[in-house]
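Given next are the chains, with one letter for each unit.
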Amino acid sequence: MRGPALRSVSRSDQDRTDSAFREALRRLPGAQKSARGAPAYSRFVNRRAGGYLAAAAYLTGATPNRVTITSAVFTFGGIVALAAAPPSLPLGVLVGLALLLGYALDSADGQLARLRGGGNPAGEWLDHVVDSAKIPALHLAVLLSTFRFAEVPDPWLLVPLGFAITESVLFFAMILNDQLRRAHPSDSSSPETGNSGTTGVKRSLLVAPTDYGVLCLCFFLLGETIPFLTVYTVLFAAHLGFACLALPKWFSEMGALRPPEPGR
């Protein structure tokens, strides 16, 4: 007699869990920042994956900082494996999956914070510090792996060095853009005009080669030296080209911001 009763209780608990999970997913769109103009993988894949992880973390009572730390564990685990082991197909799959899961969790921590009613400066600080460390660390791991295990011309080693510098500058500039815009609002209309609807989707696809998620995907080619180095070099060129176009534009936009009031 106890067996059916226990199964009924178990089904009831599962139904309540499923209902709570669906409710958390339902609340997510209203708790998310705008993704207009974001690169395609981040916008259409990573944010959704992060949303499912955020909803699951919300049900378990996990904090955003714990999710951030879990993201760092997967990301830096993949980076260490990349630097330490000879390139191979299994290693590429391991590194690619670790980086992608770390990236999804990196999206989940902010979504979880908003589900819980808002984040805090310490959580934002931790998230940005982890991001600022993983960007150069990943490219330095590529440099170390290539130097140790691949036969490439020495000048090619400048590619991961240049990639580390370019991505770090872009990351810092985007964070600084957000901070300065919040501190010194512009008198002009919304800077996001033209990033909605079809135009926003086209822009997302156009800047897809600059997406960190696409960079993570290229590590699945790690077992094939020439294809991997070719794709990696193309992605570096895309980042460098984007930086050459975006940095002057952002500098001009910062010049249009309202200056600080006297005495502040």
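Residues numbered from 1 in each chain as written. Predicted model: local features only at pLDDT ≥ 70, side-chain atom pairs only at ≥ 80, totals over all residues. Heavy atoms only, no water.

**Student:** When you look at the pattern of salt bridges in this model, what are you seeing that I'm missing?
**Tutor:** Pairs may arise between side chains of opposite charge once their charged atoms sit close together. In the structure shown here, the tally under the stated rule is five salt bridges. Notably, a salt bridge pairs K134 with D106, separated by 3.5 Å at the nearest N-O pair. Here D106 lies in helix α4 (residues 89-115) and K134 lies in helix α5 (residues 121-149), a separation of 28 residues in the sequence. For the pair shown, K134 and D106 are each scored as buried. Note that E253 and K249 form a salt bridge whose closest N and O atoms lie 2.5 Å from each other. Taken together, the positions of E253 and K249, both in helix α9 (residues 225-255) and four residues apart, correspond to about one turn of that helix. In this structure, a network of salt bridges that share partners links the residues D106, D131 and K134. (Salt bridge = Lys/Arg side-chain N within 4 Å of Asp/Glu carboxyl O. Helix = DSSP H or I, 4+ residues; strand = E, 2+ residues; numbered from the N terminus. Buried < 20%, exposed > 50% of the residue type's maximum accessible area, 1.4 Å probe, protein only.)

**Student:** Would you take a moment to explain the packing of aromatic side chains for this structure?
**Tutor:** The relation between two aromatic rings is expressed through the spacing of the ring centres and the mutual angle of the planes. With the rule as written, the count across this model stands at eight aromatic pairs. Ring centres 6.4 Å apart and planes at 15 degrees place the aromatic pair Y41 and Y103 in the stacked group. You can see Y41 sitting in helix α2 (residues 40-60) and its partner Y103 sitting in helix α4, a full 62 residues away along the chain. Summarising the burial analysis for this pair, Y41 and Y103 share the class buried. When the ring of F163 is compared with that of Y232, the centres are 5.0 Å apart and the planes differ by 50 degrees; the resulting orientation is tilted. On the criterion of sequence distance, the pair formed by F163 in helix α6 (residues 158-183) and Y232 in helix α9 is long-range, its members being 69 residues apart. Summarising the burial analysis for this pair, F163 and Y232 share the class buried. Linked through ring pairs, W156, F163, F219, F228, Y232 and F236 together constitute an aromatic cluster. The lysine or arginine in question, K134, covers the ring of Y212, its NZ or CZ lying 4.5 Å from the ring centre. (Phe/Tyr/Trp six-rings, centres within 6.5 Å; stacked < 30°, edge-to-face > 60°. Lys NZ or Arg CZ within 6 Å of the ring centre and 35° of its normal.)

**Student:** Is there a simple way to explain the UniProt feature "transmembrane region" (unreviewed entry) in the protein chain in this structure?
**Tutor:** According to UniProt, the feature "transmembrane region" (unreviewed entry) maps to residues 67-85, 156-176 and 205-223 in the numbering used here. With 95% helix and 0% strand, residues 67-85 has its two end C-alpha atoms placed 27 Å apart. (UniProt positions renumbered as here; feature names shortened; annotations may be inferred.)

**Student:** Explanation requested: the confidence of the model for the protein chain in the structure shown.
**Tutor:** Reading fine detail from the predicted coordinates is not recommended where pLDDT is low. Across the protein chain, pLDDT averages 87, with 83% of residues at or above 70. For the stretch residues 189-194, pLDDT sits under 50, and the model shows three contacts to residues farther than four places along the chain or on other chains. (pLDDT = per-residue confidence, 0-100. Contact = heavy atoms within 4.5 Å.)

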